Amino acid sequence: MQEFRLTVGPASFRLLSEWKKPLNQMRELYAEYPAADIPDFTVRLEAVNALRRFIRPSAAINGDYMLPDAAPLPIEQGLLALEMGMNLQMALGWRRQMILHASAAERGGKALIMTGESGSGKSTLSALLGINGWRFMGDEFALIDPVNGEAVPYPRLISLKNEAITAMQDGAADIRFGPLMKATPKGDIRHMVPPADAIAQMSKRANPALILFPRFGHDPAIRDMPPSETFMRLTQASTNYVALGEQGFEALTGLVQNVPARALDYRSGEEAMELVEKLWEELA
Amino acid sequence: MTASPEKIRYRAEPSGALLIRPLDAMTLIYHRASGITHMVTEPVPEILEAMAGDALDAAELATRLSETFDLGGADDAAAIIADRLAELAELGLVSAVRG
């Protein structure tokens, strides 16, 4: 098996694959990320059976933590399979911080946390902020330190879906992208390498100052969200709230008591950016 | 013979067993023994506070609550509180006291 080791924020991974191509793609896209001596997690891409390695090859995602019914992906989507495997290890195995299924960006030492359903646009918004004067901290997981409440960056590759792919391709000239993967289980997907400052500062934490619940495709509107509703939504957005026990409770109550939260409806990235800037000005 | 619900005495979990955080209209209660977070509204936090460390039945608790809160002279206060106590017992936040 081929091997590639990398570190993303506080977590480190050992990726193993029976195929060279997806690992080479990962090596290229994660070139600026530090290597890992002692990895926290291992992710393996393995042939579903021996013949499948050669005939219509299909890769099963295995690792320290696994979903028994995770469907194998065609090997052309091996890069996506590795990313999914890394996400799974974090979601099921990470205990050092509270994990929120959320994106995050930093400005002036303070962090904006954005969470929402798939399709809410949280990933695209964090990518847009990252090329417009903010430091991108992550598009998938916001990690909250249970001791001091700080947001810990997890700037993995940005996973752009469907229309967001063209929007970002047109947005900036010097962005590096992975291969376009069409018709994956999550639609068309193309990974984007985070801006250089996001990678260079992946150990630099920030205090959360605003929590947003973006929702794409609705007339622009901003709604105050009371702490109890924020709490309830964030427990649903956390993959390890229950596992962290009392620490998780203290971390999450601290977050919702100290940080303002708003629901944000928008129709375009441009509109969302304007509203985010306005709210940041008022509240952060 | 089963005791009438209003005659059952309950004791709240000791104060150290619960982490209580009022937020807005809702209050969060983390139950250390079970690791479960409960999101409750009034009168649950008020009931738990009024019970302090004592074993009380619904009528005794109604009397105690009426010292602080206006129960509206409701004759059925004890019956309502008995229902709430039974619910809290199911959540493990109070326990029925035998004997």
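Residues numbered from 1 in each chain as written. Chains lettered and ligands numbered in written order. Predicted model: local features only at pLDDT ≥ 70, side-chain atom pairs only at ≥ 80, totals over all residues. Heavy atoms only, no water.

Draft legend 1. Here's a closer look at the pattern of salt bridges. Residues and elements named next belong to chain A. Counted by the stated rule, this structure contains 25 salt bridges over all chains. Residue Arg-135 pairs with Glu-106 through a salt bridge whose shortest N-O separation is 3.0 Å. Of this pair, Arg-135 sits in strand E8 (residues 135-138) while Glu-106 is found in strand E6 (residues 98-107), placing the two residues 29 residues apart along the sequence. On the accessibility criterion, Arg-135 (3% relative accessible area) is buried. Residue class for Glu-106 comes out buried when judged on its relative accessible area of 8%. Here Arg-205 ties to Asp-145 by a salt bridge, and the two come within 2.6 Å at their closest N and O atoms. Placement of the pair is Arg-205 in the loop between helix H5 (196-200) and strand E14 (207-216) and Asp-145 in the loop between strand E9 (141-144) and strand E10 (151-152), with a sequence separation of 60 residues. Relative accessible area serves as the criterion here: at 10%, Asp-145 is assigned to the buried category. Put simply, Glu-83, Asp-139, Glu-140 and Arg-156 are held in one network by salt bridges that share partners. (Salt bridge = Lys/Arg side-chain N within 4 Å of Asp/Glu carboxyl O. Helix = DSSP H or I, 4+ residues; strand = E, 2+ residues; numbered from the N terminus. Buried < 20%, exposed > 50% of the residue type's maximum accessible area, 1.4 Å probe, protein only.)

Draft legend 2. Quick peek at the domain arrangement of chain A. Residues and elements named next belong to chain A. For chain A, the assigned domains read domain 1 (2-93) and domain 2 (98-283). Measuring from the centre of the C-alpha atoms in domain 1 to the corresponding centre in domain 2 gives 24 Å. Contact with domain 1, which involves 24 residues of that partner, is made by 27 residues of domain 2. Run the count over domain 1 and domain 2 and you get two salt bridges. We note a salt bridge from Glu-83 to Arg-156, for which the minimum N-O separation is 3.7 Å. Elements with a contribution of two residues or more to the side of domain 1 that touches domain 2: strand E1 (2-8), strand E2 (11-17), helix H1 (20-29) and helix H2 (78-93). Within the side of domain 1 that touches domain 2, the residues separate by chemical class into 15 nonpolar, five polar and four charged. (Domains from an automatic or database assignment. Contact = heavy atoms within 4.5 Å. Nonpolar A, V, L, I, M, F, W, Y, C, P; charged D, E, K, R; others polar.)

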